[in-house]
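Here's the letter readout for the chains.
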Amino acid sequence: MPDQDRFDAVVVGGGPAGATAAHDLARAGHKVALLDKAGRIKPCGGAIPPRAIRDFDIPQHLLKCRVSMATMISPTDVRVDMPIEGGYVGMVDRLEFDEFLRVRAAESGATRLTGTYVKLTREDGDVLVHYRPKDSVTEEILRAKYVIGADGALSQVGRQEIPGAERIPMVFAYHEIVETPAERPDRCEIYYRGNLSPDFYAWVFPHGPTMSVGVGSAHKGFSLRGAVAALRGETDLGPLKTIRGEGAPIPLKPLKRWDNGRDVLLAGDAAGTVAPASGEGIYYALLGGRLAAEAVGECLETGNARALANARKRFMKDHGRVFWVLGLLQRFFYSTDRGRESFVKICRDPDVQRLTWESYMNKEYPKRNFFAQARIFFKDVAHLLRLA
């Protein structure tokens with residue numbers, strides 16, 4: 001690739017956000033490069049809601065299974081089943097899912113490159129993306145009008161260009177992919193126990209022929225591998241063959257700013273778009289990539305870099321309220337086993353179950369059923385005050 005080949009946009013990072021941004025920009029007729037560091041698989045439960053499947057044309061063959069019920073498990077081993085009435089949660093394997101998105105971006109016209117991002121510099125009004133191609137020590141350069149940083153929670157693009165990006169709050173996640181046992185292949189369990197996670201949760205999620213067994217925590221020094229081993233030891237998952245293990249930081253709060261006001265915009269984990277409390281990130285990454293592509297497309301059409309800020313404005317308008325509520329939920333219920341016990345107890349409530357799954361599957365906070373929402377609010381307050 002010639003050093004001075006000029007692109008409308010270079011996308012750094014080929015996860016769901018970056019691949020979607022590259023795909024959308026290429027389909028719109030823009031000259032795009034997608035730079036991804038090969039070989040990394042993010043630890044992820046792999047859950048995607050039906051809205052993601054609809055909005056982003058996710059083919060059914062990528063769904064390893066469809067979950068119709070999740071079981072919440074308290075510190076005292078109280079188990080609450082939460083059936084999903086009239087819907088499901090799709091489960092994907094990130095190894096296959098992310099590659100599909102990258103291939104689709106390339107088929108839409110994006111130039112796919114494999115290498116390691118180094119830094120950004122500027123020359124003659126362009127931004128220069130310095131990178132090292134895979135299996136090379138020689139640095140090469142991509143010249144672009146705009147850069148989308150979709151390079152994860154520890155985004156090097158963000159840390160160089162966006163003030164405050166280095167202070168994004170995170171949990172650290174680790175999971176092991178194991179073979180699915182013959183009994184209960186659809187097992188979907190979420191454990192709220194201080195010994196498994198002092199501030200988040202542990203999980204067992206089905207992936208068809210495999211399962212994800214994992215845990216997250218923001219506490220430094222807490223042994224994630226030890227917690228996963230403990231969970232497998234307490235269940236029937238210990239003897240199962242481990243196919244691979246993966247760990248990475250996961251952000252839990254959107255950054256206050258996603259762009260530098262000039263030529264760089266963040267998306268996905270780099271922008272902090274993972275939901276607090278649930279840790280859900282795939283749908284929000286796909287959406288963040290699409291909004292980033294739209295914002296850069298506006299800049300390319302108008303020459304007005306202020307349009308970069310539209311990505312965050314549009315995201316927060318539709319989802320900021322949910323992120324705020326989930327942040328409060330995690331803060332109040334996840335810090336002690338007493339709080340976790342109350343949280344699982346709340347999950348028994350039919351109104352809680354219905355509204356939870358409606359908002360999850362459709363990514364819209366239900367505006368109907370005001371009285372059900374009011375009941376949930378007062379029940380939550382009662383639990384916070386230890387009255388229930």
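Shown above is the structure to which this text applies.
Keep in mind that what you see is a predicted model, and the values were worked out from it rather than measured. (Residues numbered from 1 in each chain as written. Predicted model: local features only at pLDDT ≥ 70, side-chain atom pairs only at ≥ 80, totals over all residues. Heavy atoms only, no water.)

Trainee: Is there a simple way to think about the overall build of the protein in this case?
Mentor: Each helix and strand in the protein was counted, giving 10 helices and 16 strands. Taking 388 residues into account, the globule formula puts the C-alpha radius of gyration at 21 Å, and the protein, at 21 Å, falls close to it. In terms of principal-axis extent, the alpha carbons of the protein reach across some 65 × 45 × 40 Å. For the protein, with 388 residues in total, the buried portion stands at 56%. A fraction of 68% describes how many contacts in the protein between residues 6 or more apart in sequence connect residues 24 or more apart. Of the roughly 17000 Å² that the protein leaves accessible, carbon and sulfur atoms contribute 53%. In the protein, the 54 positive side-chain charges and the 48 negative ones have mean positions that sit 5 Å from each other. (Helix = DSSP H or I, 4+ residues; strand = E, 2+ residues; numbered from the N terminus. Rg over C-alpha atoms; globule rule 2.2 N^0.38 Å. Buried < 20%, exposed > 50% of the residue type's maximum accessible area, 1.4 Å probe, protein only. Contact = heavy atoms within 4.5 Å. Areas by Shrake-Rupley, 256 points an atom, 1.4 Å probe, with all protein chains shown as cover. Lys, Arg positive; Asp, Glu negative; His and termini not counted. Charge placed at Lys NZ, Arg CZ, Asp CG, Glu CD.)

Trainee: Please clarify how the sheet that holds strand S4 (residues 65-67) should be interpreted in this entry.
Mentor: Each strand in a sheet pairs with another by means of backbone hydrogen bonds, the pair being arranged parallel or else antiparallel. Here we have three strands laid out as an open sheet, ordered S3-S7-S4, and antiparallel in their pairing. Each having just a single partner strand, strand S3 (47-48) and S4 make up the two edges of the open sheet. Relative to strand S7 (residues 89-91), S4 is paired through three bridges, and the arrangement is antiparallel. Counted as the bridge partner of Val67 is Val89 from S7. (Pairing = 2+ DSSP bridges.)

Trainee: I tried to follow the pattern of salt bridges on my own but got confused; where do I start?
Mentor: As a working rule, side chains carrying opposite charge can pair if their charged atoms are close by. The final tally for this structure, using the stated rule, is 30 salt bridges. When the shortest N-O distance is used, the salt bridge between Glu99 and Arg112 registers 2.9 Å. Placement of the pair is Glu99 in helix H3 (residues 94-107) and Arg112 in strand S8 (residues 111-123), with a sequence separation of 13 residues. Look at Glu99 and you get partly exposed, because its relative accessible area is 29%. The class for Arg112 is partly exposed, based on a relative accessible area of 34%. (Salt bridge = Lys/Arg side-chain N within 4 Å of Asp/Glu carboxyl O.)

Trainee: Please explain the sheet that holds strand S15 (residues 242-251) as it appears in this structure.
Mentor: Within the open sheet, the seven strands sit side by side as S6-S5-S12-S13-S14-S11-S15. Their pairing is mixed. With partners counted over all chains shown, the strands left at the sheet margins are strand S6 (79-83) and S15, one partner each. Going across the sheet, the axis of each strand differs from the next one's by a mean of 20°, ignoring polarity. Two strands pair when backbone bridges link them, and strand S13 (residues 202-207) and strand S14 (residues 210-217) are joined in this way by six bridges, in the antiparallel orientation. The residue of S14 that forms the bridge with Pro206 is Met211. Together, strand S11 (170-179), strand S12 (189-191), S13, S14 and S15 form the strand contacts of helix H5 (residues 224-234), whose direction differs from that of S14 by roughly 130°. (Axes fitted to C-alpha atoms, helices over the stretch in contact; angles between N-to-C directions.)

Trainee: How should helix H1 (residues 16-27) be read in this particular structure?
Mentor: Because an α-helix completes one turn every 3.6 residues, residues spaced three or four positions apart along the sequence face the same direction. Look at H1: 16 Å from first C-alpha to last across 12 residues, which is about the 16 Å you get at 1.5 Å a residue. For H1, the buried fraction is high: 11 of the 12 residues fall into the buried class. Looking at the buried side of H1, the elements it contacts are strand S1 (6-12), strand S2 (32-36), H3, strand S10 (140-149) and helix H6 (282-302). (Expected span 1.5 Å × (residues − 1).)

Trainee: Help me out: how do you make sense of the side chain of Glu246 in this one?
Mentor: Note on placement: Glu246 falls in strand S15. Residue classification places Glu246 among the buried positions, given a relative accessible area of 7%. For Glu246, the side chain forms a polar contact with the side chain of His175, separated by 2.5 Å. Excluding anything up to four places from it in sequence, Glu246 contacts Ile41, Lys42, Pro43, Ala173, Tyr174 and His175. (Polar contact = N/O pair within 3.5 Å; in protein donor to acceptor, adjacent residues only side chain to side chain.)

Trainee: Sorry, what's going on with the pairing of S6 here?
Mentor: For a regular strand, the rule is simple: side chains alternate between the two faces of the sheet. Only one face of S6 is buried, namely the one carrying Val80 and Met82, since none of Arg79, Asp81 and Pro83 on the opposite face is buried. As judged from the five bridges shared by strand S5 (residues 69-73) and S6, these two strands associate in the antiparallel manner. Of the residues in S6, the one forming a bridge with Ala70 is Met82. From the end of S5 to the start of S6, which pair antiparallel, there are five residues, and Asp77 there has a positive phi angle of about 70°.

Trainee: Which parts of the structure should I look at to understand the side chain of Thr71?
Mentor: Summarising the element assignment, Thr71 is placed in strand S5. By relative accessible area, Thr71 is classed as buried at 6%. A distance of 2.8 Å separates a polar atom in the side chain of Thr71 from a polar atom in the side chain of Asp81. Not counting residues up to four positions away in its chain, the partners in contact with Thr71 are Arg79, Val80, Asp81, Cys188, Glu189 and Ile190.

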